[in-house]
Amino acid sequence: MSARLRPMLEGDVVRAVAIERACFPTPWTSGMFVDELVQGASRQWFVADSPWGLVGYAGLMEADTEGHIMNLAVRPDARGRGLGTALLSRLLDVAAERGLRKLTLEVRPSNVEAIELYRKAGFRDVGRRPGYYSDSGEDALIMWTGDLSAHDARTIASTLAERASRALERFHLETSRADIEPQTHDGLILAIETSCDETAAAVLRDGRDVLSSVVASQVDFHSRFGGVVPEIASRKHTEAIVGVVDEALETAGVTLQELSAIAVTQGPGLVGALVVGVAYAKGLAAATGLPLVGVNHLEGHLFANVLADPTVTPPLVALLVSGGHTSLVHVPDWGDYHTLGSTLDDAAGEAFDKVAKALGLGYPGGPVLSKLAMEGDPAAIRFPRAMMHSGDYDFSLSGLKTAVITHIEAERAAGREIDLADLAASFQAAVIDVQVAKAVRAAKECGVTTFCLGGGVAANLALREALREALAAEGVRLSVPPFELCTDNAAMIAAAAHFRLWRGETIGPSAEAVPNLRIG
Ligand code: KG4
Ligand code: ZN
């Protein structure tokens, strides 16, 4: 995920002051920033903006043919990634554009990081202003560039430019910014999810803080049919959606007018279910004039990991396993998804559901079978591990499902009682073995050290543990969302939408549900 430089706006001042307070003993006040911003062309202020909020800023004052750097700061948790270089390189570009002959600045001698940055940019020490900083009585070190007309600022800027643009392009933040960013009502996203049998809505602030997450499940209706009945799903979404969205807004204490965007799951999923959410979201966006963000459901399952643990950052590989999907995805950067492989027939969750149905255990099958499996022997029955050694990243689960069902029928025909726990454990082990083997190979081949698990089947404890152990042996860290974020919810959709919105990826009023939407 990248960061970008843009001119500072008045709306940035509150956040800039928060960064000042975290950086300097005598921070600038909001009044000082506003005074700068109203000066017009004699001042040039830029901010470094990212999906994690404002991460830095720098300002230049022009006086005749000289420029004075008024301030340059990088949020403490965003340091060491080249943002200071990027900001300084921008000021040098401005100096070149405006034909300035010299740049000057003052810095605390104790601020060695900053001094090093300025020296690299061609600034030299020219003297000291004794006792300049009132808080500590510390001197100010005065630094100047040489004659920029002789030693073109653009040359200096371009020597910094490559590092700066790389820094901006691949800017990641790995630590929490909770202590620094002030609470504001910016970045409020309402997300709606109706891709399968859960009607869900959530409100998130800044893609991180879940203000509300409401999930109305229809599982009790579908369970009597042993699976999701699409027509019922669609009708139930229509009945539930108004109440679910209202409850999400109410719990968050937010009105529609305070939101910054509406997000919705656009696909993949059941078409009749998706259209309900998409139509409702489009209606809200049209009524409020807010931007509308379309999210891929699988991307949502991936972002459940980020919601739970903000230190999760690409490059990573994700295994997304739900009732409808089983995909291994390589994620070199947010928004850049490469599907390495997926199921050629049944999804992992679907296999659990079908086996449970054959045993008369109801729907969904995952939770009941995994509970039974805890008491069983995974080696009791040897079920096939399809495509275990196929050399690719695809999966096939219908053969396993058939093998289990055939086994059940044969046992029944022979009049033998089926040990449900052994059967569940043996079936589960066959699913897990293949998933883990392919996951580990994908992590190794992609050279990542972070692996994310997502989707309803990620709630499976045995899968989590087997995966964690196998990946740890390769030095790869496994991230798994907490249980409530594994199954379908709208908080994960809002988290993914936050990043899409930041990249300017909105959809228009003619956008439609895409039942077979691909992640990449
Ligand atoms: O992600 P999700 O809520 O909905 C879809 O997008 O499909 O996933 C639901 C699926 C169901 O197939 C359910 O059986 C499965 O997740 N599931 C589990 C477990 N809990 C839910 N599968 C295996 N073990 C579990 N503990
Ligand atoms: Zn799902």
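Scroll up to find the structure this text is about.
Residues numbered from 1 in each chain as written. Chains lettered and ligands numbered in written order. Predicted model: local features only at pLDDT ≥ 70, side-chain atom pairs only at ≥ 80, totals over all residues. Heavy atoms only, no water.

Regarding the pattern of salt bridges
Here is step 1 of the chain: Applying the stated rule across the entire model yields 28 salt bridges.
Here is step 2 of the chain: Asp49 is the partner of Arg6 in a salt bridge, and the nearest nitrogen-oxygen pair spans 3.2 Å. On the criterion of sequence distance, the pair formed by Arg6 in strand β1 (residues 4-7) and Asp49 in strand β2 (residues 43-50) is long-range, its members being 43 residues apart.
Here is step 3 of the chain: You can call Asp49 buried: its relative accessible area is 12%.
Here is step 4 of the chain: For the salt bridge of Glu239 with Lys236, the shortest nitrogen-to-oxygen distance reads 3.7 Å. Here Glu239 and its partner Lys236 are both found in helix α7 (residues 230-252), three residues apart, which amounts to about one turn of the helix.
Here is step 5 of the chain: If you follow the salt bridges from partner to partner, you end up with Glu299, Arg500, Arg503 and Glu505 in one network. (Salt bridge = Lys/Arg side-chain N within 4 Å of Asp/Glu carboxyl O. Helix = DSSP H or I, 4+ residues; strand = E, 2+ residues; numbered from the N terminus. Buried < 20%, exposed > 50% of the residue type's maximum accessible area, 1.4 Å probe, protein only.)

A word on the coordination of the zinc ion (ligand 2)
Here is step 1 of the chain: Every protein donor of the zinc ion (ligand 2) is accounted for by His297 (NE2), His301 (NE2) and Asp488 (OD), and the metal-donor separations fall at 2.1 Å.
Here is step 2 of the chain: Look at where the donors of the zinc ion (ligand 2) fall in the sequence and you get H-x3-H-x186-D. Of this pair, His301 sits in helix α9 (residues 297-308) while Asp488 sits in the loop between α15 (483-486) and α16 (491-502), placing them 187 residues apart in sequence. The same class applies to His301 and to Asp488, which are both buried. (Donors = N, O, S within 2.8 Å, 3.2 Å for Na, K, Ca; no water.)

Comments concerning the site of ligand 1
Here is step 1 of the chain: Around ligand 1, the surrounding shell holds 20 residues, and the nearest of these are Gly323, Asp353, Gly366, Asn460 and Asp488.
Here is step 2 of the chain: Here an oxygen atom of ligand 1 sits 2.9 Å away from a polar atom, N or O, in the side chain of Asp488.
Here is step 3 of the chain: For ligand 1, the accessible surface in isolation is 550 Å², of which the surrounding protein chains cover 91%.
Here is step 4 of the chain: Within the residue set of the shell around ligand 1, elements represented by two or more residues are α9, α10 (348-358) and α11 (365-373).
Here is step 5 of the chain: Here the element with the most residues in the shell around ligand 1 is α11; it accounts for four residues.
Here is step 6 of the chain: Split by residue class, the shell around ligand 1 holds five nonpolar, 13 polar and two charged. (Near = heavy atom within 4 Å. Polar contact = N/O pair within 3.5 Å; in protein donor to acceptor, adjacent residues only side chain to side chain. Areas by Shrake-Rupley, 256 points an atom, 1.4 Å probe, with all protein chains shown as cover. Nonpolar A, V, L, I, M, F, W, Y, C, P; charged D, E, K, R; others polar.)

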